[in-house]
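Geometric and topological summary
Given next are the chains, with one letter for each unit.
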Amino acid sequence: QVQLVESGGGLVQPGGSLRLFCVASGSIFSIKVMGWYRQAPGKQRELVATSTTGGSTSTADSVKGRFTISRDNVNTIHLQMNSLKPEDTAVYYCHAMDGRKHNYWGQGTQVTVSS
């Protein structure tokens, strides 16, 4: 089992920056992929960025060039979000998948981009 805890959300003006953190606990050495998803009101949850234990990263086209995912150590990732837009407003969820393809989710952290 893996537990995920996010932090770092909040209210920011358009053009501003935020950094989200996710810390995993439990069976952390079983984790193969960690990443971020987001869900805006009335919309489906969508992938934002992922990071594998092998060092590969991927970022959604909608945030490419503005968001960067980084792995700090075996159980911690963060998402640097720059040039934020109102359409980035959503609940951001940390996600992890282990070697048996079990999916784990954090409780979510709200990001609101508004003037």
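Please refer to the structure higher up on the page.
Okay, so let's go over this structure. Every value quoted in this text rests on a predicted model; they were computed, and no experiment measured them. (Residues numbered from 1 in each chain as written. Predicted model: local features only at pLDDT ≥ 70, side-chain atom pairs only at ≥ 80, totals over all residues. Heavy atoms only, no water.)

The secondary structure content of the chain amounts to zero helices and eleven strands. Start at the N end of the chain and walk to the C end: the helices and strands fall as β-β-β-β-β-β-β-β-β-β-β. Its C-alpha radius of gyration of 13 Å places the chain within 12% of the 13 Å reference for a compact globule of 115 residues. Taking the principal axes of its C-alpha atoms as reference, the chain extends roughly 40 × 25 × 20 Å. Of the contacts made within the chain by residues no fewer than 6 positions apart, 53% connect residues no fewer than 24 positions apart. By element, 49% of the accessible surface of the chain is carried by carbon and sulfur atoms, the whole surface being about 6,000 Å². Between the mean site of the 11 positive side-chain charges and the mean site of the 7 negative ones, the chain shows a separation of 4 Å. (Helix = DSSP H or I, 4+ residues; strand = E, 2+ residues; numbered from the N terminus. Rg over C-alpha atoms; globule rule 2.2 N^0.38 Å. Contact = heavy atoms within 4.5 Å. Areas by Shrake-Rupley, 256 points an atom, 1.4 Å probe, with all protein chains shown as cover. Lys, Arg positive; Asp, Glu negative; His and termini not counted. Charge placed at Lys NZ, Arg CZ, Asp CG, Glu CD.)

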